[in-house]
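# An overview of the molecular structure
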Amino acid sequence: MSSVRWTVVVLLFFAVTINYVDRAVIGVLKPLLDEALGWDQKDYGWMVTAFQAAYAVGYAVSGRLLDRFGIRLGFSVAVALWSVAAMAHGAMTSVVGFSAARAALGLAEGGTLPAAVKAVSEWFPKEQRAFATGVFNAGSNVGAITCPIVVPWLASRWGWEGAFVVTGAIGFLWLAAWLWIYRSPDQHPRVNAEELAYIRQDPPDPPRPPLPWAALLGRPQTWAFMIGMMASSPVWWFYIFWVPDFLNKRFGLGLTQSSLPLVTIFTIASLGGIAGGWLSSTLLRRGWTVNAARKTALLVCSVCILPVFLTPLVPVTHVWWAVAIVTLAAAAHCGYAANLFTLVSDTVPRQAVSSVVGIGGMAGSIAGMFFAQLVARVLDATNDNFFVPFAIAACSYSLALLAIHLLLPKLEPMDL
């Protein structure tokens with residue numbers, strides 16, 4: 001059997017990695033930009049909100065466009081646009097300018113996960129989808145790992161402007177590889193008959209035209225995914241955009257001093273995404289139902305996230321205890337996300353997967369907008385006390401899992 005499907009996963013992994021580098025640069029540089037441009041927490045909150053609002057629109061629109069025009073073309077356009085937007089940050093000097101650049105970045109980056117999830121649904125049978133999703137989603141952590149290592153060095157050589165330009169330009173290298181390598185399974189010259197048969201082992205979905213959003217919003221499968229995204233996505237954004245600031249405000253770590261803690265958090269978190277996908281896939285191979293395997297994995301991840309509310313209570317002399325708690329929560333988030341995205345391909349027909357992922361991503365980004373404003377205002381009012389944001393992060397996953405179970409007690413496929 002050929003193994004082209006894993007080459008596709010590697011491409012998706014690097015796309016997600018670059019995606020997260022470009023969005024995380026501003027968080028790593030925040031202490032420097034606060035000093036250079038005179039930002040306060042509310043200014044930064046508006047920039048995060050601009051990104052989230054545009055990301056919500058991009059997520060929803062890209063899902064529909066990917067279902068209509070295909071992954072190869074749609075993802076190519078998205079990567080080209082977000083790379084230009086990332087580079088444009090280097091030319092901005094005002095809150096309004098940065099907010100505009102963040103909005104353009106969010107709009108284009110919204111196509112990443114819908115494209116990746118749709119690619120996995122086309123290239124993998126159900127038994128391997130959670131694992132493949134965990135692998136490509138680990139790119140989010142590798143991007144977050146790479147950022148605190150590379151960006152301070154770039155900023156020291158070419159200023160914060162150069163850091164934005166260089167990281168944004170990397171997307172065009174990936175785009176060239178994508179256009180050269182990617183084709184659909186039945187059109188790829190390197191896919192042999194054995195691999196194609198393995199990919200197509202699940203019963204095919206009957207041919208149907210694209211479903212309107214109104215029809216998808218009337219299905220509990222869509223709402224289950226939306227609720228999961230609304231509970232988890234804002235927390236992940238909080239880790240990306242505010243944990244560097246938390247380490248600076250709570251423990252006095254500067255731009256270079258925070259590199260090792262951030263690398264530790266996101267390195268181990270990347271393994272959590274793979275482990276979460278591996279857990280449900282292993283349970284399936286042992287004869288568990290899809291319902292039991294996915295929900296057990298989600299439950300394990302939710303329990304591991306609960307201690308994160310203790311993070312701001314750690315004494316200032318024990319920074320690595322705080323890092324350990326956040327690391328566990330971030331790893332569990334990635335395992336949760338791998339199984340949450342797989343719920344879509346488990347319960348939604350292939351021709352509607354990107355649309356449902358887009359709707360859910362839009363819901364998660366809208367929730368992230370409000371969470372960003374809440375975090376900014378709480379920090380401004382409490383002199384940078386992070387207890388409330390971490391407390392919300394601790395309990396949101398468990399509440400979402402309860403809602404998913406009530407909506408889909410047996411993880412029923414979407415009834416068309």
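For the rest of this paragraph, the subject is the confidence of the model for the protein chain. When pLDDT is averaged along the protein chain, the result is 88, and 98% of the positions lie at 70 or above. Mean pLDDT across the elements of the protein chain bottoms out in helix H2 (residues 30–37) (82) and peaks in helix H15 (residues 387–407) (96).

Look at Asn383: it is not a glycine, yet its phi comes out positive at around 60 degrees. Tracing the backbone shows Asn383 in the loop between helix H14 (353–381) and H15. Positive phi, close to 55 degrees, is recorded for Leu411, a residue that is not glycine. Within the element layout of this structure, Leu411 appears in the segment after H15. On the accessibility criterion, Leu411 (8% relative accessible area) is buried.

Scanning the model with the defined rule gives 4 cavities of 30 Å³ or more in all. For the largest cavity, the calculated volume is near 180 Å³. In terms of lining residues, the largest cavity is bounded by 18 residues, among which Tyr20, Leu113, Ser233, Trp236 and His333 are the most central. Elements with a minimum of two residues in the lining of the largest cavity: helix H1 (4–28), helix H3 (41–69), helix H7 (126–181), helix H10 (220–251), helix H13 (319–347) and H14. Considering each element in turn, the lining of the largest cavity owes the most residues, 5 residues, to H10. Its residues assigned to classes, the lining of the largest cavity comprises 9 nonpolar, 8 polar and 1 charged. In this structure, the second largest cavity occupies an estimated 60 Å³ of space.

Grouped together as the largest cluster of nonpolar side chains are 128 residues, with contacts concentrated most on Phe75, Tyr239 and Trp242. By residue number, the principal contributor to this core is H10, which donates 17 residues. Those residues in contact with Tyr239, other than ones at most four positions away along the chain, are Pro244, Phe266, Val308, Ala329, Ala330, Phe390 and Ala393.

Moving on, we get to a nonpolar patch on the surface. A contiguous nonpolar patch, built from Val57, Val61, Leu65, Phe69, Leu73, Val77, Leu81 and Leu107 and spanning about 730 Å² of accessible area, is present on the exposed surface. For the nonpolar patch, the elements supplying multiple residues, two or more each, are H3 and helix H4 (71–88). Among the elements that make up the nonpolar patch, the one with the highest residue count is H3 (4 residues). Checked against the element boundaries, Leu73 lands in helix H4.

Throughout the structure, instances matching the rule amount to 8 salt bridges. For Asp34, the salt bridge is made with Lys30, and the minimal N-O distance between the two is 2.8 Å. Placement of both Asp34 and Lys30 in helix H2 is noted, with a separation of 4 residues, approximately one turn of the helix. Across this residue pair, the class does not change: Asp34 and Lys30 are buried. Here Asp245 and Lys249 are joined by a salt bridge, their closest N and O atoms 2.6 Å apart. Remark: Lys249 and Asp245 occur in helix H10; sequence separation between them is 4 residues, near one turn of the helix. The structure contains a network of salt bridges with shared partners spanning Lys30, Asp34, Asp245 and Lys249.

For the rest of this paragraph, the subject is the packing of H3 against helix H5 (residues 95–109). Where H3 meets H5, the axes come as close as 7 Å, and the angle between the chain directions of the two elements is 25 degrees. Taken together, the axes of H3 and H5 lie roughly parallel to each other. Taken as a pair, H3 and H5 cross one another with a handedness that is right-handed. Mapping the contact onto sequence places Asp43, Trp46, Met47, Ala50, Phe51, Ala54, Tyr55, Val57 and Gly58 in H3 and Val95, Phe98, Ser99, Arg102, Ala103, Leu105, Gly106, Leu107 and Glu109 in H5.

Rules of the game
Residues numbered from 1 in each chain as written. Predicted model: local features only at pLDDT ≥ 70, side-chain atom pairs only at ≥ 80, totals over all residues. Heavy atoms only, no water. pLDDT = per-residue confidence, 0-100. Helix = DSSP H or I, 4+ residues; strand = E, 2+ residues; numbered from the N terminus. Buried < 20%, exposed > 50% of the residue type's maximum accessible area, 1.4 Å probe, protein only. 1 Å grid on protein atoms, 1.4 Å probe; cavity = no way out; pocket = protein on both sides within 12 Å on 5 of 7 lines; lining within 4 Å. Points joined across faces, edges and corners; volume = space filled by probe spheres on them. Nonpolar A, V, L, I, M, F, W, Y, C, P; charged D, E, K, R; others polar. Core = buried A, V, L, I, M, F, W, Y, C linked by side-chain atoms within 4.5 Å. Contact = heavy atoms within 4.5 Å. Patch = residues over 30% accessible without salt bridge, like charges linked within 9 Å, V, L, I, M, F, W, Y side chains within 5 Å. Areas by Shrake-Rupley, 256 points an atom, 1.4 Å probe, with all protein chains shown as cover. Salt bridge = Lys/Arg side-chain N within 4 Å of Asp/Glu carboxyl O. Axes fitted to C-alpha atoms, helices over the stretch in contact; angles between N-to-C directions. Parallel < 35°, antiparallel > 145°, perpendicular 65-115°, else oblique. Left-handed = near helix turned anticlockwise from the far one by under 90°.

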